[in-house]
Amino acid sequence: MATERVRVRVGERELSLSNLDKPMFPDLTKGEMIDYYTRIAPVLLPHLAGRPLTRKRYPNGAAAGSFFEKNAPSHTPDWVRTVTLPVPGSTMDRETVDFVVVDELATLVWLANLAALELHVPQWRVDGDDAAQPPDLIVFDLDPGPPAGLTECFAVALALREELAADGITAYPKTSGRKGMQLLCPIASTQPAPVVSGYAKRLAHRLAQHDPDRVVDRMTRSLRPGKVFIDWSQNNAAKTTVAPYSLRAGAAPMVSLPLHWAEVEAGRPVTGGPAAALSRMDSDGDLLAGLTEPGPRVPEE
């Protein structure tokens, strides 16, 4: 059976979209997923621009198999920006990877048509010469061990915010789109990743020492039930974090949703899917817009 294709124009680009009626979730088709990414693009694109993108693709929907993809596919259009970067320790035995960089809406739509449901980015950007820059973000991934949940993450997020503020660093909260949340902080892009990661590790360890009944900073899973794991290791230059406004796979389409600090302070879990993200954009704009502005240097030992 021939695949039905639809030709569309996105800005100056012409794209061929296919299988728009394919269910990505029981109540969300691929066409509706593309529509979501098109409509959320004004607030999403600034968080993708200049960052080598890792995609998690679900060719047969969120309930079926998936795979992470870093390398640009062989059929990548010549107008899509790619950057060739070293990947030491690659599981695919590659010395370099040609990453896709999403700097325009057409690239985002093209990837959504490839069933790139989840979008993951590093904490650093590439410059105009396609060279990797020092990190301009620091991230704290808060992962609750059941029976702890998002409410417990909120309490730890508030403690982290206080510690970061004491160092002159502003934190912005968002959900992970699953059970936990992240704090993202803009920093000066002047310090190497090991320095940034070392600061995150020290801060996580300090909170774990101050509140051992609620916080853990070690990855050992046996230590995590009922506590919130502060994953500081996300600041390794090789790691990525789900982008703000990205969809997440699961039983229902959820979004990595920016939060108001007032919601965190109220301890009221706030989650949602595409409709919630679009509503939040319409009412608040981008709650994470501050992430695109330069921040301070992190304290060094």
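Per chain, residues are indexed from 1 in the order of the written sequence. Reporting of local features is limited, given that this is a predicted model, to residues whose pLDDT is at least 70; pairs of side-chain atoms are given and counted only at 80 or more, and all residues count toward the totals for whole chains, interfaces and linings. The basis for every side-chain value is the complete set of heavy atoms in the structure, and neither hydrogens nor water enter the calculation.

## Digging into helix α4 (residues 193–210)
Then step 1. Numbered from the N terminus, helices here are DSSP runs of H or I no shorter than four residues, and strands are runs of E no shorter than two. What a helix is expected to span follows from its residue count: subtract one and scale by 1.5 Å. Taking 1.5 Å of rise per residue, the 18 residues of α4 would be expected to cover 26 Å, and the 26 Å separating its terminal C-alpha atoms lies within 8% of that figure.
Then step 2. Think of it in three bands: with a 1.4 Å probe and only protein chains considered, a residue is buried below 20% of the maximum accessible area for its type, exposed above 50%, and partly exposed in between. Along α4, the positions that sit buried rather than exposed are Ala193, Val196, Ser197, Tyr199, Ala200, Leu203, Ala204, Leu207 and Ala208.
Then step 3. Only heavy atoms enter the contact rule, under which two residues are in contact if any of them lie within 4.5 Å. Against β10 (137–144), α3 (150–166), β13 (215–216) and β14 (228–231) lie the buried residues of α4.

## A look at the domain arrangement of the chain
Interfaces are often sized by the amount of accessible area the parts lose when they come together.
Then step 1. Boundary definitions for the domains trace back to an automatic or database domain assignment. Taken domain by domain, the chain consists of domain 1 (5–133) and domain 2 (134–292).
Then step 2. The gap between the C-alpha centroids of domain 1 and domain 2 is 23 Å.
Then step 3. Taken together, the contact pairs 30 residues of domain 1 with 35 residues of domain 2.
Then step 4. For the pair domain 1 and domain 2, the summed buried surface comes to about 2700 Å²; carbon and sulfur atoms form 62% of the total.
Then step 5. Summed over both partners, the accessible surface that disappears when two parts come together, traced with a 1.4 Å probe, is what is meant by buried area. Broken down residue by residue, the surface that domain 1 buries against domain 2 is led by Tyr36, His47 and Gln123, which jointly contribute 28%.
Then step 6. A pairing counts as a salt bridge when a side-chain nitrogen of Lys or Arg comes within 4 Å of a carboxyl oxygen of Asp or Glu. Taken together, the connections running from domain 1 to domain 2 amount to four salt bridges.
Then step 7. Note that Glu118 and Arg248 form a salt bridge whose closest N and O atoms lie 3.3 Å from each other.
Then step 8. Identification of polar contacts relies on pairs of N or O atoms within 3.5 Å, with a donor-acceptor requirement for protein atoms, meaning one able to donate a hydrogen and the other able to accept it, and with residues adjacent in sequence counted only if both atoms are side-chain atoms. Here domain 1 and domain 2 share 15 residue pairs in polar contact (both at pLDDT 80 or more) between them.
Then step 9. Among the elements of the structure, α1 (30–48), β5 (52–57) and β9 (116–121) are those that each provide at least two residues to the side of domain 1 that touches domain 2.

## Considering the sheet that holds strand β11 (residues 172–175)
By way of backbone hydrogen bonds, the strands of a sheet pair with one another, either parallel or antiparallel.
Then step 1. In this scheme, strands are said to pair when DSSP sees at least two bridges between them. Strand order in the open sheet formed by five strands is β11-β12-β10-β14-β13, and the pairing between neighbours is mixed. In this open sheet, the two strands that pair with only one neighbour each are β11 and β13.
Then step 2. Pairing geometry for β10 and strand β12 (residues 181–186), over six bridges, is antiparallel. Bridge assignment links Val139 to a residue of β12, and that residue is Leu184.

## Looking at the nonpolar core
Then step 1. If you look at the biggest cluster of nonpolar residues, it comprises 77 residues, and the most contacted ones within it are Tyr37 and Ile40.
Then step 2. When residues of this core are assigned to their parent elements, the largest contribution, 10 residues, is made by α1.
Then step 3. Viewed by domain, this core spans two of them, domain 1 (5–133) and domain 2 (134–292), each represented by three or more residues.
Then step 4. Residues in contact with Tyr37, not counting those within four places in the same chain, are Leu44, Leu105, Leu108, Ala112, Ala116, Leu117, Leu119, Tyr245, Ser246 and Leu247.
Then step 5. Ranked by size, the runner-up nonpolar core spans eight residues in total, among them Val87, Val97, Trp124 and Val126. What we call a nonpolar core is a set of buried Ala, Val, Leu, Ile, Met, Phe, Trp, Tyr and Cys residues that are connected through their side-chain atoms within 4.5 Å.

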